[in-house]
Each structure stands twice: as C-alpha cells, then as structure tokens.
Amino acid sequence: MAIITISRGSYSRGKEVAEALAKRLGYSCVSRDILLETCEEFSIPEIKLVKALRDTPSILERFSHGKERYMSYFHAAFLNHMAKDNVVYHGLAGHFFLQDIAHAFKVRIIANMEDRVREEMKRENCSAEEARYMLKKDDNERNKWSLALYGKDTFNCNLYDMVLHIDTMTVEDVVDVLTAMVEKGRFDATPESLARLKEKTLVANIHAKIVSIAPRATVDVLDGVATLGNLNGSLQNDGELRRKTADRLIEAYGLKDVVFAKPVKAKKDHINTFYNLDIK
C-alpha cells in the first residue's frame, strides 16, 4: 500500500502521469474531487475555496481568518482521502501535508517552458508571449502561496523523493519509473507510518471542527486525549462553550478527554503553526 503525490506546474503533463500511473497500479486517482467534497461538507462556495488555495493571504484575510478556515477544511478532506491508501493525488499541497509520512511517495513533474508555452497557446488560443506571461505568473503565484503558508519554496527538490523531467522521457517512461519504484516496496505502508497518518488525520479533523470559532488553534492528540492550544475569542473566555466543544469532539472522535491549554504569547510564524503540520 502506498500514497503517491504528484506536484506539477501548469501544462507539465503531471495530470497525465497521475492518471496513467493510477490506472497502471490499480489505485484511485484524486484531485479536484477533494475540492468538491470539501465544498459540500462545509458548505463553502467552490470559487472561494479555490481562491483560498491559490492566492497568498491578503491583509484583510489575515484579520478575518478566511484562509485558515478554508485550508483547515481542505487539509481534513485531503487526509481523509489519503488515509484510505492506494491513491495517486495530483494537485495542491499534497507534498506539504505528507512530509513525515514514510509511505507517501512525493514526486515532482517538470517540463520545458517552451513545451508548456505551446500547450498553453493551443488550449487558450493565445500568442506565445501571452502564454509565457500566464505560465510565469502562475508559477510565481504557486511559489508565493507555498512560501506564505509554509515558508518553503515549492521548487525545492528536498521536498520530493523524486523529480522527473518530461522531455526525453515521455509520460509512459515516467509511469514506468514510478511503477517500478512502487513495486519495489520502498513506499509500502508500515504499522508505524499508518499510525502516524491516522494521528495526523484525526488532528486535522478536530481542527476543522473548531476552526470557525478558533481559527488559530493548535491541536495535539496523545493517548486519546486532545489538547487545544493558542485559543482566542469566545472559546478562550466562555467556559460553557469549551464544555460543549469538548463534548462534541469526544462524541465525534471517541476521545478520552479534551484539554484546553493555558494561553501563551502568540508567536509570529507561518500559518502552518496554526495547523500543526510539522513541516520541516
């Protein structure tokens, strides 16, 4: 059992690789359906979720915490899918959310700019100059997004187990390479890696449950006890609300108890601090 995440830029053939690889391995292939599932579960307009996942935080969003909410919802939906195993995911954030999961095979697909320009021209019916401008803008936006949220450059090869270039290698060649690596068992799930993924999934779901009233909360779970920290607003000051929140979380996730940590001085850090993503 394995999880494979495919990170790619626009028109880098990553979607084709993901779909062909999933078919070859008999895995499920997911991407946009996670967006749709998140929208349905949390009653979010899809356009707002797409914008939150694509754009870097604005000054207004830093105060309204809209991006934290949407990212928390997406994070939970994403990990709920990944916990099923035997999945190929292509799209945003997969390699970030699974950095410390040993059976997650994180792959980056790149392509020559001129090949991408030709594909953009064909699909968007635009000039080469316009296509190149749009591609560079899209690449810059994606990188700013990852830097703003995680302090990491999405082009950093250290984030991936393998980076493959679609040029001399074809999509079929890349699928052959990835299939061989998976079949070697290098990324087979272990009891330890499955337990870690289960823990991260639980933490993400708890955060999604409370993010609307505590957008910057941190969540830790140990031996069935959830500790909520960095609280603010009504959840910090309203004892009755804390009791109801604890009861709701205990019932929803079979927890032994929910503990509310004492307030500490907030740290100036990237948003991943609030999700407790453990990005290294």
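Rules behind the numbers
Within every chain, residues take consecutive numbers counted from 1 along the sequence as written. Predicted model: local features are reported for residues with pLDDT of at least 70 only, side-chain atom pairs are reported and counted for 80 or more only, and whole-chain, interface and lining totals are derived from all residues. With hydrogens and water excluded, all non-hydrogen atoms of the structure serve as input to the side-chain values. Comment: elements are numbered from the N terminus, with helices defined as DSSP H or I runs of at least four residues and strands as E runs of at least two. Throughout, a residue-residue contact means that at least one pair of heavy atoms, one from each residue, lies within 4.5 Å. A pairing counts as a salt bridge when a side-chain nitrogen of Lys or Arg comes within 4 Å of a carboxyl oxygen of Asp or Glu. Per-residue accessibility, obtained with a 1.4 Å probe over protein chains only, is compared with the maximum for each type, and a residue is labelled buried under 20%, exposed over 50%, and partly exposed between these values. A strand pair is defined by DSSP finding two or more bridges across the two strands. Interaxial angles span 0 to 180 degrees and are taken between N-to-C directions of axes, which are lines fitted to C-alpha atoms, for helices over the stretch in contact. Values of pLDDT, ranging from 0 to 100, describe the predictor's confidence in every residue of the model. Each nonpolar core is a collection of buried residues, namely Ala, Val, Leu, Ile, Met, Phe, Trp, Tyr and Cys, held together in the definition by side-chain atoms within 4.5 Å. Only the six-membered ring of Trp is used, alongside the rings of Phe and Tyr, when aromatic pairs are assigned; centres must lie within 6.5 Å, and planes under 30 degrees apart are stacked while those over 60 apart are edge-to-face, with the rest tilted. Here a helix's expected span is defined as the number of its residues, less one, multiplied by 1.5 Å.

(A) Broad picture of the overall build of the protein. If you tally the helices and strands in the protein, you get 13 helices and 8 strands. Restricting the contact set of the protein to residue pairs at least 6 apart, pairs at least 24 apart contribute 69%.

(B) Broad picture of the pattern of salt bridges. Taken as a whole, this structure holds 13 salt bridges when the rule is applied. For R243, the salt bridge goes to E240, with nearest N and O atoms at 2.5 Å. Residue R243 and its partner E240 are located together in helix α12 (residues 239-253), separated by 3 residues, close to a single helical turn.

(C) Spatial organisation of the environment of V177. Among the structural elements, V177 can be located in helix α9 (residues 171-183). When its relative accessible area of 33% is taken as the criterion, V177 is described as partly exposed. Between the C-alpha atoms of V177 and L21, which are 156 residues apart in sequence, the distance is 9.9 Å. Discounting chain neighbours no more than four positions away, the residues touching V177 are M162, L164 and M169.

(D) Molecular detail of the sheet that holds strand β8 (residues 257-260). Spatial ordering of the open sheet is given by β6-β7-β8, a layout of 3 strands whose pairing is mixed. Each end of this open sheet is capped by a strand with a single partner; those strands are β6 (218-222) and β8. The average angle at which neighbouring strand axes cross in this sheet is 20 degrees, direction not considered. Here helix α10 (residues 191-210) sits on the sheet and contacts β6 and β7 (225-229); the angle it forms with β6, its principal contact strand, is near 140 degrees.

(E) Region of the structure containing the confidence of the model for the protein. Model confidence for the protein is summarised by a mean pLDDT of 82, while 86% of its residues fall at 70 or above. Every residue in residues 266-280 is under pLDDT 50, and counting partners more than four places away or in other chains gives 41 contacts.

(F) Just the nonpolar core, in detail. Core analysis: the biggest nonpolar cluster contains 31 residues, and I3, I34, F74, F78, M82, Y89 and L98 have the highest contact counts within it. If you list the elements that add at least two residues to this core, you get α2 (32-42), α5 (66-82), β3 (87-90), α6 (94-97) and α10. If we skip the residues at most four places from it in the chain, I34 touches F74, A77, F78, H81, M82 and Y89. Core analysis: the next-biggest nonpolar cluster, separate from the first, contains 23 residues, I4, I6, A18 and Y27 among them.

(G) Focus on the packing of aromatic side chains. If you walk through the whole model with that rule in mind, you get 5 aromatic pairs. When the ring of F78 is compared with that of F97, the centres are 5.4 Å apart and the planes differ by 55 degrees; the resulting orientation is tilted. Pair noted here: F78 is in helix α5 and F97 is in helix α6, with a separation of 19 residues, a long-range link. The two residues F78 and F97 agree in class, both being buried. Seen from their ring centres, F105 and F187 are 4.3 Å apart, and the 10 degrees between their planes marks the pair as stacked. With a gap of 82 residues between them, F105 in strand β4 (residues 104-111) and F187 in the loop between α9 and α10 connect regions that are remote in the sequence.

(H) Geometry of the pairing of strand β1 (residues 3-8). Counting buried positions along β1 yields 6 of 6 residues, so the element is predominantly enclosed. Of the two faces of β1, the one lined by I3, T5 and S7 and the one lined by I4, I6 and R8 are each fully buried. Pairing analysis gives 4 bridges linking β1 to β3, with the strands arranged parallel. The residue bridging I6 from the neighbouring strand is H90, located in β3. Pairing geometry for β1 and β4, over 6 bridges, is parallel. Bridge assignment links S7 to a residue of β4, and that residue is R108.

(I) Layout of α10. Between the first and last C-alpha of α10 there are 29 Å, a value that for 20 residues agrees with the 28 Å anticipated at 1.5 Å per step. Taken together, the buried positions of α10 are S193, L197, K200, T201, V203, A204, N205, I206, H207, A208 and I210.

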